[in-house]
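One-letter residues, chain by chain:
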Amino acid sequence: MQKLLTLFLIALFISGLSNATNAQSYIGKEGQAEFISNAPLLEFKGVSGHLTGLIDMEKNLVDFYLDLNTLDTGIKLRNSHMRESYLETEDCPFAEFTGQLDSPFDPDLKEEQDITVSGDFTVHCVTKELTATGTVYPTAEGLMVNAEWEILLKDFNIDRPGVAFYELAEEQRINISILLKPEND
């Protein structure tokens with residue numbers, strides 16, 4: 001009986017791997033997003049565990065979405081100022097990257113693959129074209145995606161605080177990490 005149960009579990013695991021790699025769409029709802037500000041006098045980051053994402057292989061569509069109100073810099077007052085005065089999340093609550101894979105990616109290949117995506121990044125109600133690089137690697141549950149890119153605050157009409165000018169960098173690095181699972185048909 002134990003041997004039969006073990007064989008059944010192995011078959012189930014292999015079937016899950018096969019379904020994960022043959023899927024056309026992958027969705028994630030609990031990814032990590034962070035921005036890093038590396039200014040001369042202070043480095044800090046804002047993080048969120050509420051990144052959602054999608055890769056649709058058939059449509060060559062990549063889409064990642066974040067509620068900016070979930071970003072946390074570790075200081076309550078700074079969070080409040082960031083949301084109210086600079087990101088203006090009451091009017092522009094979301095950041096989104098929508099684009100396409102520029103580099104070939106094989107979801108059946110069982111190793112980490114470098115990817116490049118290009119598309120539109122929207123934050124502070126301003127949309128700009130950009131290219132991001134990252135990696136994708138298959139896991140037993142789906143695809144693990146890590147990507148990064150940099151933005152200039154002025155490109156998105158985000159003011160830097162006058163008093164803390166040297167504490168907030170003009171250039172912000174953005175990193176994302178998310179597990180995308182095969183979409184159920």
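The structure presented is a predicted model; accordingly, all values stated were derived computationally and were not measured.

Draft legend 1. Up close: the pairing of strand 2 (residues 43–56). As defined by bridge partners, strand 1 (residues 25–38) adjoins strand 2 across 11 bridges and the pair is classed as antiparallel. Looking at strand 2, one finds that Phe-35 is bridged to Gly-46. Adjacent in sequence and paired antiparallel, strand 1 and strand 2 are bridged by four residues. Sheet topology note: the strand 2/strand 3 (residues 61–67) ladder contains five bridges and is antiparallel. Its bridge partner being in strand 3, Leu-54 is matched across the sheet by Asp-63. In this structure, the hairpin formed by strand 2 and strand 3 is closed by a connection of four residues, where Asn-60 is found at a positive phi of approximately 55°.

Draft legend 2. Here's a closer look at the packing of aromatic side chains. If you walk through the whole model with that rule in mind, you get five aromatic pairs. Measuring from centroid to centroid gives 6.0 Å for Phe-35 and Phe-44, while their planes differ by 85°, and the two rings are edge-to-face. Given a relative accessible area of 12%, Phe-44 falls into the buried group. Plain terms: the ring middles of Phe-121 and Trp-149 are 5.5 Å apart, the flat faces sit at 70° to each other, and that makes the pair edge-to-face. Remark: Trp-149 occurs in strand 7 (residues 143–152) and Phe-121 occurs in strand 5 (residues 113–123); sequence separation between them is 28 residues. The same class applies to Phe-121 and to Trp-149, which are both buried.

Draft legend 3. Highlighting empty space enclosed by the protein. Inspection of every chain in the model, using the stated rule, returns one cavity of 30 Å³ or more. In this structure, the largest cavity occupies an estimated 80 Å³ of space. In terms of lining residues, the largest cavity is bounded by 13 residues, among which Val-62, Phe-64, Val-117, Val-145 and Ala-147 are the most central. Tallied by class, the residues present in the lining of the largest cavity amount to 11 nonpolar, two polar and no charged.

Draft legend 4. Focus on the sheet that holds strand 6 (residues 126–138). Taken in spatial order, the eight strands of this closed barrel run 1-2-3-4-5-6-7-8, and their pairing is antiparallel. Strand-to-strand twist across the sheet, computed as the mean angle between neighbouring axes with direction ignored, equals 25°. Note: strand 5 against strand 6, 11 bridges, orientation antiparallel. Each bridged residue has a counterpart across the sheet, and for Thr-116 the counterpart in strand 6 is Thr-133.

Draft legend 5. View of the environment of Gln-24. Tracing the sequence through the fold places Gln-24 in the loop between helix 1 (2–22) and strand 1. Taking the C-alpha atoms as reference, Gln-24 lies 9.2 Å from Pro-107; in sequence the two are 83 residues apart. What Gln-24 contacts, discounting residues up to four positions off in sequence, is Ile-55, Asp-56, Met-57 and Glu-58.

The rules behind the values
- Residues numbered from 1 in each chain as written.
- Predicted model: local features only at pLDDT ≥ 70, side-chain atom pairs only at ≥ 80, totals over all residues.
- Heavy atoms only, no water.
- Pairing = 2+ DSSP bridges.
- Helix = DSSP H or I, 4+ residues; strand = E, 2+ residues; numbered from the N terminus.
- Phe/Tyr/Trp six-rings, centres within 6.5 Å; stacked < 30°, edge-to-face > 60°.
- Buried < 20%, exposed > 50% of the residue type's maximum accessible area, 1.4 Å probe, protein only.
- 1 Å grid on protein atoms, 1.4 Å probe; cavity = no way out; pocket = protein on both sides within 12 Å on 5 of 7 lines; lining within 4 Å.
- Points joined across faces, edges and corners; volume = space filled by probe spheres on them.
- Nonpolar A, V, L, I, M, F, W, Y, C, P; charged D, E, K, R; others polar.
- Axes fitted to C-alpha atoms, helices over the stretch in contact; angles between N-to-C directions.
- Contact = heavy atoms within 4.5 Å.

None of this, on its own, says anything about what the molecule does.
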